[in-house]
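Next come the chains, spelled out residue by residue.
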Amino acid sequence: MKHLLALAACVAGLAVATGAAVAESASELVAAMPLEQRIAQLMLTTLHGRQGPDRAEQAVLSMFQVGGVVTPPPRDPVQGARYVQELRQAGRDKTPLFIATDLRRIEETPAGPLAPYLQLPTPLAVAATGDSDLEAVVARTTAEHLAVMGYNATFSPSLAATPLTAVGTGDLYGYGSDPAFAGRAGAAFVTTLAEAGMLAIVRDFPASPAWSGAGGLPVLAASEGLIMSRYLAPFEAAIAAGAAAIQVSNAIVPTLPSGDLPIALTPYAVQGLLRGHMGFTGLAVAGPMDDPRLGAYANTVEACIAAIEGGADMLYWRERAPMLEAIIPAIVRAVEDGNLAEERINAAAARVVAQKLAMKLAERPLPNLKDAEKLLRARRHGAQLDAVERFANP
């Protein structure tokens with residue numbers, strides 16, 4: 001708990017939306033960066049090394065100052081703290097990273113599913129109780145563990161309202177089919193994480209990957225009126241609660257102006273909906289950009305250009321980080337050739353850096369392995385969370 005109090009004090013007085021002074025400082029920092037570094041700040045890449053970045057990932061992280069990483073769920077607090085230590089020490093002279101994970105995620109490995117060390121109730125289990133306030137309890141436990149391990153972000157929650165007919169494990173990570181409940185639970189999670197100095201990257205706007213559709217991409221086949229009144233509601237609640245980052249999925253929403261294109265590749269997702277209609281001022285994260293199903297609409301570089309031009313601040317990569325060795329130089333060439341406005345790169349990078357300044361990431365201490373060992377021995381998450389699982393799984 002002392003880690004949460006320390007982080008809360010670190011960010012006291014700072015709104016999630018950054019103030020004018022922070023934005024000005026961010027713009028000055030970005031102006032001093034070479035173009036390649038500015039573009040690298042737009043990258044949120046997934047790491048697959050279990051004990052730490054593998055050799056290929058280390059090469060990418062040493063070559064480019066990427067904006068952030070998403071690590072596998074740690075096996076235990078000590079392993080997680082060591083992972084973060086390695087990332088922090090390798091980048092100690094660089095712009096700080098967003099370092100995210102998802103403690104609820106069940107990771108698929110060649111040997112089969114690998115359950116998280118901390119048995120937190122899934123969002124669907126919380127939804128089964130009908131008590132959205134319980135999500136704040138989950139969030140406090142999540143924040144405590146993340147803080148001890150040195151993480152500063154979580155790649156969750158998913159706020160796409162799950163259709164009643166959906167199947168698949170993806171449903172575990174959503175709050176069910178009631179958008180009002182999803183909004184209350186998501187807002188509780190976002191608020192609690194923010195109070196602890198953590199960035200919650202709200203996922204799957206506006207549709208869940210569990211919804212299989214044309215070309216394999218998720219499809220939200222609902223009327224425009226229903227989308228506006230029902231499916232956007234959980235995200236509007238999260239924005240009202242101060243959400244600072246939202247991931248825009250590759251969903252196809254044919255009844256909206258984005259038409260039959262993946263919505264993350266159109267201006268309508270960010271400029272039209274998130275910023276224009278919903279008043280969102282935080283980070284818009286598009287992707288995953290390495291989803292092979294996007295190939296039916298654009299090659300990877302074209303997709304990146306479309307997403308950035310459409311207002312994305314960061315590009316999410318789900319597979320292997322080494323792809324960035326080709327992608328970042330290609331985006332540099334696109335800017336130099338006049339195929340992508342440099343002003344868009346500057347604006348996106350400034351928003352990323354401003355969020356990092358607001359969270360004071362550069363001032364945060366390295367994780368303490370002794371504290372991680374204590375947390376590992378305790379293995380606590382409270383009787384209240386145990387009761388959630390018993391209720392949801394009688």
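Look up a bit, the structure's there.
Rules used throughout
- Residues numbered from 1 in each chain as written.
- Predicted model: local features only at pLDDT ≥ 70, side-chain atom pairs only at ≥ 80, totals over all residues.
- Heavy atoms only, no water.
- Helix = DSSP H or I, 4+ residues; strand = E, 2+ residues; numbered from the N terminus.
- Contact = heavy atoms within 4.5 Å.
- Areas by Shrake-Rupley, 256 points an atom, 1.4 Å probe, with all protein chains shown as cover.
- Buried < 20%, exposed > 50% of the residue type's maximum accessible area, 1.4 Å probe, protein only.
- Arc of directions from axis to C-beta.
- Polar contact = N/O pair within 3.5 Å; in protein donor to acceptor, adjacent residues only side chain to side chain.
- Pairing = 2+ DSSP bridges.
- 1 Å grid on protein atoms, 1.4 Å probe; cavity = no way out; pocket = protein on both sides within 12 Å on 5 of 7 lines; lining within 4 Å.
- Points joined across faces, edges and corners; volume = space filled by probe spheres on them.
- Axes fitted to C-alpha atoms, helices over the stretch in contact; angles between N-to-C directions.
- Phe/Tyr/Trp six-rings, centres within 6.5 Å; stacked < 30°, edge-to-face > 60°.
- Salt bridge = Lys/Arg side-chain N within 4 Å of Asp/Glu carboxyl O.

With respect to the overall build of the chain
Reasoning step 1: Looking only at helices and strands, the chain features 16 helices and 10 strands.
Reasoning step 2: Within the chain, residue pairs in contact and separated by at least 24 positions form 80% of the contacts whose partners lie at least 6 positions apart.
Reasoning step 3: For the chain, the exposed surface amounts to about 15,500 Å²; the carbon and sulfur share of it is 56%.

Here's the deal with helix H4 (residues 55-63)
Reasoning step 1: For H4, every residue scored as buried is listed here: Glu-57, Val-60 and Leu-61. Along H4, the residues classed as buried sweep out an arc of 95 degrees about the axis, all on the same side. Of the exposed residues in H4, those oriented more than 90 degrees away from the buried face are Arg-55 and Ser-62.
Reasoning step 2: For H4, the secondary structure elements touched by its buried residues are strand S1 (43-46), strand S2 (68-70), helix H5 (77-90) and helix H13 (324-336).
Reasoning step 3: The backbone nitrogen of Ala-56 lies 3.2 Å from a side-chain oxygen of the residue at the head of H4, namely Asp-54.

Overview of the pairing of strand S7 (residues 199-205)
Reasoning step 1: Within S7, 7 of the 7 residues are buried, which leaves the element mostly enclosed by the surrounding structure.
Reasoning step 2: With 2 bridges connecting them, strand S6 (residues 153-154) and S7 associate as parallel partners. Looking at the pairing, Thr-154 lines up with Ala-200 of S7.
Reasoning step 3: Where S7 meets strand S8 (residues 245-248), 3 bridges bridge the pair, whose relative direction is parallel.

A look at empty space enclosed by the protein
Reasoning step 1: As enumerated under the stated definition, the model contains 2 cavities of 30 Å³ or more in all.
Reasoning step 2: As a volume, the largest cavity reaches approximately 70 Å³.
Reasoning step 3: What lines the largest cavity is simply Asp-102, Arg-104, Arg-105, Pro-123, Ser-156, Pro-157, Ser-158, Tyr-173 and Arg-203.
Reasoning step 4: What the second largest cavity holds in volume is close to 50 Å³.

Considering the sheet that holds S6
Reasoning step 1: Taken together, 8 strands build a closed barrel; the order of strands is S1-S2-S3-S6-S7-S8-S9-S10 and the barrel is parallel.
Reasoning step 2: Contacting strand S9 (283-286) and strand S10 (314-317), helix H12 (residues 300-309) runs over the sheet at an angle of about 140 degrees to S10.

Remarks on the packing of aromatic side chains
Reasoning step 1: Tallying each qualifying case throughout the model produces 2 aromatic pairs.
Reasoning step 2: Judged by centre distance (4.7 Å) and plane angle (45 degrees), the rings of Phe-155 and Tyr-316 are tilted. In this pair, Phe-155 sits in the loop between S6 and helix H8 (179-195) while Tyr-316 sits in strand S10, placing the two residues 161 residues apart along the sequence.
Reasoning step 3: The class for Phe-155 is buried, based on a relative accessible area of 3%.
Reasoning step 4: Relative accessible area serves as the criterion here: at 7%, Tyr-316 is assigned to the buried category.
Reasoning step 5: With 5.0 Å between their ring centres and 90 degrees between their planes, Phe-205 and Phe-235 make a pair best called edge-to-face.

Observations regarding the environment of Thr-45
Reasoning step 1: Assignment of secondary structure puts Thr-45 in strand S1.
Reasoning step 2: Here Thr-45 falls in the buried class, since its relative accessible area comes to 0%.
Reasoning step 3: C-alpha separation for the pair Thr-45 and Arg-318, spaced 273 residues apart in sequence, amounts to 6.5 Å.
Reasoning step 4: Apart from the residues within four sequence positions on either side, Thr-45 is in contact with Val-66, Gly-68, Val-69, Val-70, Trp-317, Ala-321 and Leu-324.

Things to note about the pattern of salt bridges
Reasoning step 1: One pass over the full model with this rule turns up 10 salt bridges.
Reasoning step 2: For Glu-319, the salt bridge is made with Arg-318, and the minimal N-O distance between the two is 3.4 Å.
Reasoning step 3: Assessed through its relative accessible area of 37%, Glu-319 is described here as partly exposed.
Reasoning step 4: Looking at Arg-318, the relative accessible area reads 31%, which means it is partly exposed.
Reasoning step 5: Taken together, the shared-partner salt bridges in this structure form one network comprising Asp-291, Arg-293, Arg-318 and Glu-319.

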